[in-house]
There are 2 protein chains.
Amino acid sequence: MAASIMDVARRAEVSTATVSRALRGLPNVSAATRERVLRAAEELSYSVSPHASSLASGRTGTVGVVVPFVNRWFYSQVLAGIDSVLRAHDLDLLLYNLGDERVHERFFTRMPLRRRVDALIVLNLPLSTAESEALASMEVPIAVLGTRVPGCWHVSIDNAEGASTAVRHLINLGHRRIGMITAAPGDPRGFTTPIVRQHAYRTVLAQAGIAYDPDLEVPGHLSIDEGASAMAQLLSLPEPPTAVFAESDQMAFGALRTLGRMGLTAPDDVSVIGFDDHETAELLDLTTIAQPVAHQGELLARQILDALSGGDEEPTRVVVPTRLVVRGTTGAAREHPPRYHSTPRPGPEPDQHSTTAR
Amino acid sequence: MAASIMDVARRAEVSTATVSRALRGLPNVSAATRERVLRAAEELSYSVSPHASSLASGRTGTVGVVVPFVNRWFYSQVLAGIDSVLRAHDLDLLLYNLGDERVHERFFTRMPLRRRVDALIVLNLPLSTAESEALASMEVPIAVLGTRVPGCWHVSIDNAEGASTAVRHLINLGHRRIGMITAAPGDPRGFTTPIVRQHAYRTVLAQAGIAYDPDLEVPGHLSIDEGASAMAQLLSLPEPPTAVFAESDQMAFGALRTLGRMGLTAPDDVSVIGFDDHETAELLDLTTIAQPVAHQGELLARQILDALSGGDEEPTRVVVPTRLVVRGTTGAAREHPPRYHSTPRPGPEPDQHSTTAR
DNA sequence: GGAGGTAATGCAATCGCTTACATGAAAAGA
DNA sequence: TCTTTTCATGTAAGCGATTGCATTACCTCC
C-alpha cells in the first residue's frame, strides 16, 4: 500500500497541512521542518495522490489535447512540440484522438474532458457553433491551432500568404497554365484551410492576368492516392497544366508518383510544388512551402501556460511565417510544352507482387 | 458552476448513493428511480467528477502510455491503435513522451504516473532492471511492446524471422555479397531489436555458406541521413555489396537517396530491402518486411482490457507475423556487377537553394 | 399469519489531499 | 515592558464521489 500524507505527517511529527505546504514549496515553513518532511517523504517513497489533490484544490495539472488524427505526420509533430513544453512544466497530457466521425460526435455530446483538465488544446478541428460553445462551457482556457475561435488562444500559419507564395513561385518561373490539387470540397468535415488556399490560388492567378479555368482545380482528400488520381486527371486534360500546386505534400507525393508512372518527370514535364515540408519532401526533392510544425505545438502549449498562470489576460493570436523551400521539382516553363498523351506505364501493383512469408 | 451529485440527488429526490448506482447502471435500482435520476442528471447536464470518483473508488479510468518518440511514424501508428481500443472502452489515455535522455531519467526517478493510472503501456523501451522494477512497483498491469519484461503482458513481432526472410529474399535472388545497414551499436539506449536483426542477418549468411565480412555491416541511427551515409560507406568499399538489407525503411530511404545521387538505381545496380513497410515505402517502391503497426497497438490495449477485467490471469505474450512485400527495389543479381567508383553527383542542398519568403 | 427472502433505498464513513482560519511563539516597535 | 507584527504550525471543514451496512417494504411459502 502506498504511503499517504498522514504517514508522512506522523513520521515527520507535524500536521498534514505542514506536509502539504512543505512538499509544494510554499512559504511559511521553516527550513528545519521542510527538511524533516522531505526526508520522511523520501524514506516512505511517498508521492501525492493526484486525484485527492485535484479534488481538494480544483486544479488537475492536466491539459487535454484533442487531435483529429494522431497517426498523421503533421499532428504527431505538433503533439511532440506540445508535449515538450507541457512536460517541462510538469503538466500531464491527456490525449483525445478523434479519428472517425462517431468518436468526434461522442466527444461533443459526452464532453469526457469536462472537469478533467485545466486547459484544452485543439488541433485544427472545424468546429460548429454548437461545438465551440460546448467547449467554452468547460470554462477552461482553450488554445486552437488553425481555425480561429472567439475567446480562444490561437496559433496558425498565414495560409493565404503561403499559398500565394507557392503560386507566385510558379508564375515567376514562367508558367501560365497552373493547376491546383485542392482538398477544398473534398473533406466532409469542413476544414477551412483548403478554402483559404484555394482562394489565394485564384487571386494570384487573377493578379497575374491569367484566366481562371475550373478544369485546372481538382479536388481530393489529403492523401497520396488522391493526389495521384488528381494528377492523372490533370494530365488527361486537352491542354494539361505545365505546373501544379498541391495543397499538401502528401498530395504532391501522389502527383509525383503519377508522373513517374506515366514516364514523365518533374520539373522537365510538369513542375510540382507542395505545402508543409513533410519529412519525405526532402527525400523526394520536392519544392514546397515549409511551415514550422513542432514549433506551433510549442507555441500552443506556451499560450496555455500563460493562460494558466497569467490569470485573466486576453487570449493572443500568433501567426507563424511560412517559407518557400525551392528544391528540384519546380523549374522554368518550357517554350513548347510536350503533349502528354502517352499510354501510362503500369506502376508496381503491390497486391499482385506481394508474397506472404510464414 | 458544474452540478454535483448532490444537486442531482435533490432534484431526483433520492440519496446520492442511489444516484451513483443509477448512473453507473448497477443493479438494485428500480426502473422508475433510474429514469428519474437520468432525467435529473440530463437536465442539470451533470457529469461525474472523475477525480472524486477515482479517489473514492480507487480506479482512475486512465491508462498511461509511455512512448519514446511520438513524432515518429511507427509510434504514432501504434498510438492510434491503442487509442482506438481504449476509447471504445471509455478509458482515458495519458501520454508520456520520453524524448530525450533527461525526460527519460526524470520519468523513472519521479514516477509521475504512479497512482495516476490503472495500467501502463510501454512502447519499445529498453529497460534497465532498476527501471522495470520501478514500473512493477506501481502495482498495475503493464503491457510492453517489443522488449520482453518478466510479469508484463507483451506484444511483438518475430524480429529474427523477419530479418531472416529479408536476407533470404536477397540470397534467393542470387546475391552473395549482401550488406546490412544496422542500428545495432548505434543507439546508446540499447534497444534490443537491432541486435536480434543483426544476429539473424549473420546466421542466414552463414547458413548459405557466405563468409562473414565485417565491412559489410555499417552502423547508424534510425534515420534517413544515417541510412544515406551508411550506403555511401558501403559503396566506397573496394568490393561493394550487390544487395543491402536496411534495418528500417527510414534507413533504406536514405540508402536509395545515396544511390540516386550517385547516378545508380535499385535494383539495377544495388538491390535494397527495408523493414517496417512505412507509408512512404510504397511510394518509393521499396521492397520491405511489413509489420502490422496499428494492430500491435490494438493488441496491447486489448491485453490491458483483459488484465483490468479478467482479474488475475497470467500475462500473455503475442507475436504477430511479418510479411515480405516484394516491390521494385530488389532484383536478380547481375553476373558481373559494375564498378561504382564514379564521382558522386551533387544532390540538392536545401540550405543553398532555399529562399525565405516574408 | 409469521418466518425468511429479496429488492430498493438511505446513512454515513471513507478516499487523500488543500486551505481558510485559529493559535501560539518569537520578533519588532513603542 | 507591553503591544503589535510576523512567522510557523495546527485544526478541521471541505472537495465529490463510492460503498459496506442498515433499514424498510414487499413477497413467498409453509
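Keep in mind the model is a prediction, meaning the values are calculated, not measured.

K.L.:
Just to check I follow, could you spell out the pairing of strand β9 (residues 271-276) of chain A for this structure?
P.N.:
Consecutive residues of a regular strand have side chains that alternate between opposite faces of the sheet. Residues and elements named next belong to chain A. With six of its six residues buried, β9 lies for the most part within the structure. With three bridges connecting them, strand β8 (residues 243-246) and β9 associate as parallel partners. When the sheet's bridge partners are listed, Val244 is paired in β9 with Val272. In this fold, β8 hands off to helix α11 (residues 249-261), which returns the chain to β9; that crossover is right-handed. Both β9 and strand β10 (residues 287-290) contribute to a ladder of four bridges, which runs parallel.

K.L.:
Is there a simple way to think about the domain arrangement of chain A in this case?
P.N.:
For interface size, the figure often reported is the accessible area lost on association. Assigned domains of chain A: these are domain 1 (9-48), domain 2 (62-157 + 294-320) and domain 3 (159-291 + 323-341). Relative placement of domain 1 of chain A and domain 3 of chain A: their C-alpha centres are 63 Å apart.

K.L.:
Could you clarify how one ought to interpret the protein's contact with DNA strand C in this entry?
P.N.:
In the neighbourhood of DNA strand C, 28 residues make up the surrounding shell, with Ile5(A), Ser20(A), Arg59(A), Ser15(B) and Thr33(B) lying closest. For DNA strand C, the fraction of protein-proximal atoms (within 4 Å) that sit in sugar or phosphate groups is 71%. One nitrogen or oxygen atom from the side chain of Thr33(B) is found 2.3 Å from a phosphate oxygen belonging to DNA strand C. Those elements that provide at least two residues to the surface near DNA strand C are α2 (16-23) and α4 (50-57) of chain A together with α2 (16-23) and α4 (50-57) of chain B. By residue number, the principal contributor to the surface near DNA strand C is α4(A), which donates four residues.

K.L.:
Would you take a moment to explain the packing of aromatic side chains for this structure?
P.N.:
Aromatic ring pairs are defined here through the distance separating the ring centres and the angle between the ring planes. For the structure shown, the criterion picks out six aromatic pairs over all chains. Aromatic side chains Phe107(A) and Phe108(A) sit 5.0 Å apart centroid to centroid with 90° between the ring planes, which places their arrangement in the edge-to-face category. With a relative accessible area of 12%, Phe108(A) lands in the buried category. An aromatic cluster is built from Tyr96(A), Phe107(A) and Phe108(A), whose rings are joined through pairwise contacts. The cationic tip of Arg72(A) hangs over the ring face of Phe69(A); the distance from NZ or CZ to the ring centre is 3.9 Å. The residue whose ring lies beneath Arg87(B) is Tyr96(A), and the NZ or CZ to ring-centre distance is 3.5 Å.

K.L.:
Help me out: how do you make sense of the sheet that holds strand β8 (residues 243-246) of chain B in this one?
P.N.:
Working definition: the strands of a sheet are paired by backbone hydrogen bonds and lie parallel or antiparallel to each other. Residues and elements named next belong to chain B. Across the sheet, six strands lie side by side as β7-β6-β8-β9-β10-β12; this open sheet has mixed pairing. Lying at the two open borders of the sheet, with one neighbouring strand each, are β7 (217-219) and β12 (323-325). Neighbour to neighbour, the strand axes of the sheet diverge by 20° on average, direction disregarded. Strands β6 (178-182), β8, β9 (271-276) and β10 (287-290) of the sheet are contacted by helix α11 (residues 249-261), whose axis makes an angle of about 155° with β9.

K.L.:
I keep staring at the relation of the copies chain A and chain B and nothing clicks. Help me out?
P.N.:
One copy of the chain maps onto the second through a rotation around an axis plus a translation along that axis. Structural alignment of chain A on chain B gives an RMSD of 0.1 Å, achieved by rotating through 180° and translating 0.0 Å along the axis. In short, the pair behaves as if placed about a two-fold rotation axis. Taken as a fraction of all interface residues of chain A, those also at the interface in chain B reach 100%, which identifies the copy contact as same-surface.

K.L.:
Explain the pairing of β8(B) here, please?
P.N.:
Residues and elements named next belong to chain B. The alternating pattern of β8 places Ala243 and Phe245 and Val244 and Ala246 on opposite faces, both of which are buried. Strand direction decides the pairing type here: β6 and β8, joined by four bridges, are parallel. Considered in β8, the bridge of Met180 is made with Phe245.

K.L.:
Looking at this structure, how should I read the protein's contact with DNA strand D?
P.N.:
The local shell around DNA strand D holds 26 residues, among which Thr33(A), Ile5(B), Ser20(B), Tyr46(B) and Arg59(B) are the closest. Sugar and phosphate atoms represent 67% of those atoms of DNA strand D found within 4 Å of the protein. One nitrogen or oxygen atom from the side chain of Thr18(A) is found 2.7 Å from a phosphate oxygen belonging to DNA strand D. In this structure, Thr33(A) approaches DNA strand D through a side-chain N or O atom, which is 2.3 Å from a phosphate oxygen. Taken together, the elements giving at least two residues each to the surface near DNA strand D come down to α2 and α4 of chain A together with α2 and α4 of chain B. Considering each element in turn, the surface near DNA strand D owes the most residues, five residues, to α4(B).

K.L.:
In this structure, what is going on with helix α1 (residues 5-12) of chain B? I would like to understand it.
P.N.:
The α-helix winds at 3.6 residues per turn, so residues separated by three or four positions along the chain end up facing the same way. Residues and elements named next belong to chain B. Within the sequence span of α1, burial applies to Val8, Ala9 and Ala12. The buried residues of α1 occupy one face: seen down the axis, they fall within an arc of 100°. At its buried positions, α1 is contacted by α2 and α3 (31-43). Just beyond α1, the residue with positive phi is Glu13, at close to 55°.

K.L.:
Could you clarify how one ought to interpret the UniProt feature "domain: HTH lacI-type" (unreviewed entry) in chain A in this entry?
P.N.:
Under the UniProt annotation, the feature "domain: HTH lacI-type" (unreviewed entry) is placed at residues 3-57 of chain A. As a span, residues 3-57 of chain A carries 67% helix and 0% strand, and end to end its C-alpha atoms are 20 Å apart.

K.L.:
Which parts of the structure should I look at to understand the interface of chain A and chain B?
P.N.:
Residue-level contacts link 65 residues of chain A with 65 residues of chain B. Interface of chain A and chain B: buried area, both sides summed, is about 5,900 Å²; carbon and sulfur atoms make up 51% of it. Taken together, chain A and chain B are joined by eight salt bridges. When its residues are assigned to classes, the side of chain A that touches chain B shows 26 nonpolar, 21 polar and 18 charged. Summarising the sheet, strand β2 (residues 92-97) of chain A and strand β2 (residues 92-97) of chain B pair through three bridges and their orientation is antiparallel. The partner of Leu94(A) across the bridge, within β2(B), is Leu94(B).

K.L.:
Just checking my understanding: could you explain the environment of Glu314(A) for this structure?
P.N.:
Summarising the element assignment, Glu314(A) is placed in the loop between α13 (293-310) and β11 (317-320). With 162 residues separating them in the primary sequence, Glu314(A) and Cys152(A) have C-alpha atoms 9.0 Å apart.

K.L.:
Help me understand the confidence of the model for chain A, please; the structure alone is not making it clear to me.
P.N.:
Taken residue by residue, chain A gives an average pLDDT of 90. The fraction at 70 or more is 91%. Note on residues 341-358 of chain A: pLDDT is under 50 here. Beyond four places in sequence and across chains, it has 33 contacts.

K.L.:
Please clarify how the nonpolar core should be interpreted in this entry.
P.N.:
A general trend in soluble globular proteins is that nonpolar side chains are found buried together. Within the largest apolar cluster, 153 residues are counted, with the highest numbers of intra-cluster contacts made by Met231(A) and Met231(B). Sequence-distant contacts of Met231(B), that is, excluding residues within four places in its chain, are made with Ile181(B), Val244(B), Ala255(B), Thr258(B), Leu259(B), Val270(B) and Val272(B). Among the nonpolar cores identified, the runner-up in size contains 43 residues, and Leu98(A), Val103(A), Leu113(A) and Leu125(A) belong to it.

K.L.:
Could you clarify how one ought to interpret the pattern of salt bridges in this entry?
P.N.:
When the charged atoms of two side chains lie near each other, side chains of opposite charge can form a pair. For the structure shown, the criterion picks out 29 salt bridges over all chains. Two residues, Arg257(B) and Asp225(B), come together in a salt bridge whose shortest N-O distance is 2.9 Å. Taken together, the positions of Arg257(B) in helix α11 and Asp225(B) in helix α10 (residues 224-235) put the pair 32 residues apart, joining distant regions of the chain. Take Arg257(B): its relative accessible area is 14%, and that puts it in the buried class. Sharing partners across several salt bridges, the network here consists of Asp83(A), Arg87(A), Asp92(A) and Arg116(B).

K.L.:
Would you take a moment to explain the packing of helix α8 (residues 159-172) of chain B against helix α9 (residues 193-207) of chain B for this structure?
P.N.:
The relative placement of two packed helices is expressed as an angle between their axes plus a distance between the axes. All names here are of chain B. Contact pair α8 / α9: the axes reach a minimum separation of 8 Å and the direction vectors enclose 40°. Considering their axes alone, α8 and α9 lie oblique with respect to each other. Relative to α9, the crossing made by α8 is right-handed. Residues Asn159, Ala160, Ala163, Ser164, Val167, Arg168 and Ile171 of α8 touch α9, and the partners they reach there are Thr193, Val196, Arg197, Ala200, Tyr201, Val204 and Leu205. Partitioned by chemical class, the residues of the contact of α8 with α9 number nine nonpolar, three polar and two charged.

Conventions we followed
Residue positions are given per chain, counted from 1 along the sequence in the order it is written. All chains are assigned letters beginning with A, and all ligands numbers beginning with 1, in the order in which they are written. Thresholds applied to this predicted model are a pLDDT of at least 70 for local features of residues and 80 or more for the giving and counting of side-chain atom pairs; totals over whole chains, interfaces and linings are not thresholded and use all residues. Here the side-chain values reflect all heavy atoms present in the structure, with hydrogen atoms and water set aside. Burial status follows relative accessibility: with a 1.4 Å probe on protein chains alone, a residue under 20% of its type maximum counts as buried, one over 50% as exposed, and anything between as partly exposed. Secondary structure counts use DSSP, requiring at least four H or I residues in a row for a helix and at least two E residues in a row for a strand, with both numbered from the N terminus. A strand pair is defined by DSSP finding two or more bridges across the two strands. When the strands point away from the viewer and the connection leading from the first strand across the helix to the second strand turns clockwise, the crossover is called right-handed. As annotated, the domain borders come from an automatic or database domain assignment. Here a residue is near a molecule or strand as soon as one of its heavy atoms is found within 4 Å of it. In protein, a polar contact means a hydrogen-donor-capable atom and an acceptor-capable atom, both N or O and within 3.5 Å, with residues adjacent in sequence counting only if both atoms are side-chain atoms; elsewhere, any N or O pair within 3.5 Å suffices. Here a Phe, Tyr or Trp ring, Trp counted by its six-membered ring, pairs with any other such ring whose centre lies within 6.5 Å, and the pair is stacked when the planes are under 30 degrees apart, edge-to-face when over 60, and tilted otherwise. Only lysine NZ and arginine CZ atoms are considered, and such an atom sits over a ring when it is within 6 Å of the ring centre and within 35 degrees of the ring normal. Each axis is a line fitted through C-alpha atoms, taken for helices only over the stretch in contact, and angles between the N-to-C directions span 0 to 180 degrees. Note on contacts: a residue pair is in contact if any heavy atoms of the two residues lie within 4.5 Å. A least-squares fit on C-alpha atoms brings the copies together, and the residues used are those whose pLDDT is at least 70 in both copies. It is the directions from the helix axis to the C-beta atoms that the arc portrays. UniProt positions are given in the numbering used here, feature names are shortened, and annotations may be inferred rather than shown by experiment. Buried area is calculated as the accessible area (1.4 Å probe) missing from two parts once they are joined, with the contributions of both summed. One speaks of a salt bridge when a side-chain nitrogen belonging to Lys or Arg is within 4 Å of a carboxyl oxygen belonging to Asp or Glu. Three categories are distinguished: nonpolar for Ala, Val, Leu, Ile, Met, Phe, Trp, Tyr, Cys and Pro, charged for Asp, Glu, Lys and Arg, and polar for the others, with Gly belonging to the last. Here pLDDT means the predictor's own confidence in every residue, given as a number from 0 to 100. We call a set of buried Ala, Val, Leu, Ile, Met, Phe, Trp, Tyr and Cys residues a nonpolar core when their side-chain atoms join them within 4.5 Å. Comment on the angle field: the value is read as roughly parallel under 35 degrees, roughly antiparallel over 145, roughly perpendicular from 65 to 115, and oblique elsewhere. We call a crossing left-handed when the near helix sits turned anticlockwise from the far one by less than a right angle, and right-handed when that turn is clockwise.

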